[in-house]
Amino acid sequence: MQRPCPILSRLAALPLSFTAVWCLADEAPPAPPPTSYSAEIGLGGEYDTNVTIDELDTSIRQGDYALTLDAKVGLRKYFTQDTDLRLNYDFSQDLFQEFSRLNRQSHILGANLGVKLQEVDTGLSLFYVNSLLDGKGFLELYRVSPSLSGFINRKLFSRLAYVFADKRIVDRAERDAQTHNGELDLYYFARGLRSYFNIGYRYKAEDANLERLDYQAHAAKLRYIRRIDLDGKFLKLELAYRYEERDYSGITPGIGGESEASERADERHRWQVDLEYPLTPDSALQLYAAYSDYKSNYPISNYEQGIIGTRFVYRW
């Protein structure tokens, strides 16, 4: 029996191989999802037991009622299945009943570019914040943050980020500052999005124009989120605790006597409860309460604060 020539067999298979390669090369990549748009408005009221301006170390030591207004718009543009860009604008306004000079209005522009690389998601976010106090310019902040995130296993998700921010306060040049942050977050999904935990750590170094306002901080947070089924509507419950320890540089006037010099040290605790109950598929009622215990050897920064409020939100 005559054996087939191996060279001829390979040559005979070439047209089929070339056809397969041509078909694969001609096959179009899957189309990216369409651009999506979102918006949200909110209207509510709250009571603050101690109205403060944290950026100025100012505490009124009196309570007041406030009307709160919020609005958000955003879009998400996909360039490919694995690359997307999010753009958003946030507006917020607090209107106090008595301390109207502390009415605060904030505008936030944000952009986030995300790229999926196999098992890791990369991101780069940019934010610009402009806040007004009593209708006048108060705070400008620029923020940039690259990040890496991904699932460690089916239930454990991690996120690592670096944050750089440049802060400017109108007529308070001594408080203008640059900050460098390192952040690590872990999420444990006990029952998917129905029930999960978030624990996080942040290191922050702030370099202000005035040396005594420079500080290094270690912060931790613990959050628990639970969605509870109530006759087909899911009540969202969030419990959160945040801790921060700040060590300031330089000598702060008002701490210690004439014969001794002391550096400022702060220890901050904050507990918060948030509830959100859906009224319709597009609207919800929110209830929230927070208690803060800020301990400091700098008297004006040693205070307690409680906030309780409600808000109606509509999303589309």
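For the structure itself, consult the block above.
Predicted, not measured: the structure shown is a model, and the values here were computed from it. (Residues numbered from 1 in each chain as written. Predicted model: local features only at pLDDT ≥ 70, side-chain atom pairs only at ≥ 80, totals over all residues. Heavy atoms only, no water.)

### With respect to the overall build of the chain
- Helix and strand counts for the chain stand at 1 helix and 16 strands.
- Looking at the chain as a whole, 34% of its 316 residues are labelled buried.
- For the chain, the share of sequence-separated contacts (at least 6 apart) that also reach a separation of at least 24 residues comes to 51%.
- For the chain, the exposed surface amounts to about 19400 Å²; the carbon and sulfur share of it is 59%. (Helix = DSSP H or I, 4+ residues; strand = E, 2+ residues; numbered from the N terminus. Buried < 20%, exposed > 50% of the residue type's maximum accessible area, 1.4 Å probe, protein only. Contact = heavy atoms within 4.5 Å. Areas by Shrake-Rupley, 256 points an atom, 1.4 Å probe, with all protein chains shown as cover.)

### What about the side chain of Asn181?
- Mapped onto the elements of the fold, Asn181 is located in strand β10 (residues 177–193).
- Excluding residues that lie within four positions of it along the chain, Asn181 makes contacts with Ala161, Tyr162, Val163, Arg202, Tyr203, Lys204 and Ala205.

### Quick word on the environment of Ser249
- Mapped onto the secondary structure, Ser249 falls in the loop between β13 (233–248) and β14 (265–280).
- Judged by relative accessible area, which is 31%, Ser249 ranks as partly exposed.
- Each C-alpha atom of the pair Ser249 and Arg212 lies 5.2 Å from the other, and the pair is 37 residues apart in sequence.
- Excluding residues that lie within four positions of it along the chain, Ser249 makes contacts with Glu211, Arg212 and Asp214.

### Observations regarding unusual backbone geometry
- Positioned with a positive phi, Asp134 is a non-glycine residue whose angle comes to about 55°.
- Inspection of the secondary structure puts Asp134 in the loop between β7 (120–133) and β8 (136–151).
- Residue Asp231 is not a glycine yet carries a positive backbone phi of 55°.
- Inspection of the secondary structure puts Asp231 in the loop between β12 (215–230) and β13.

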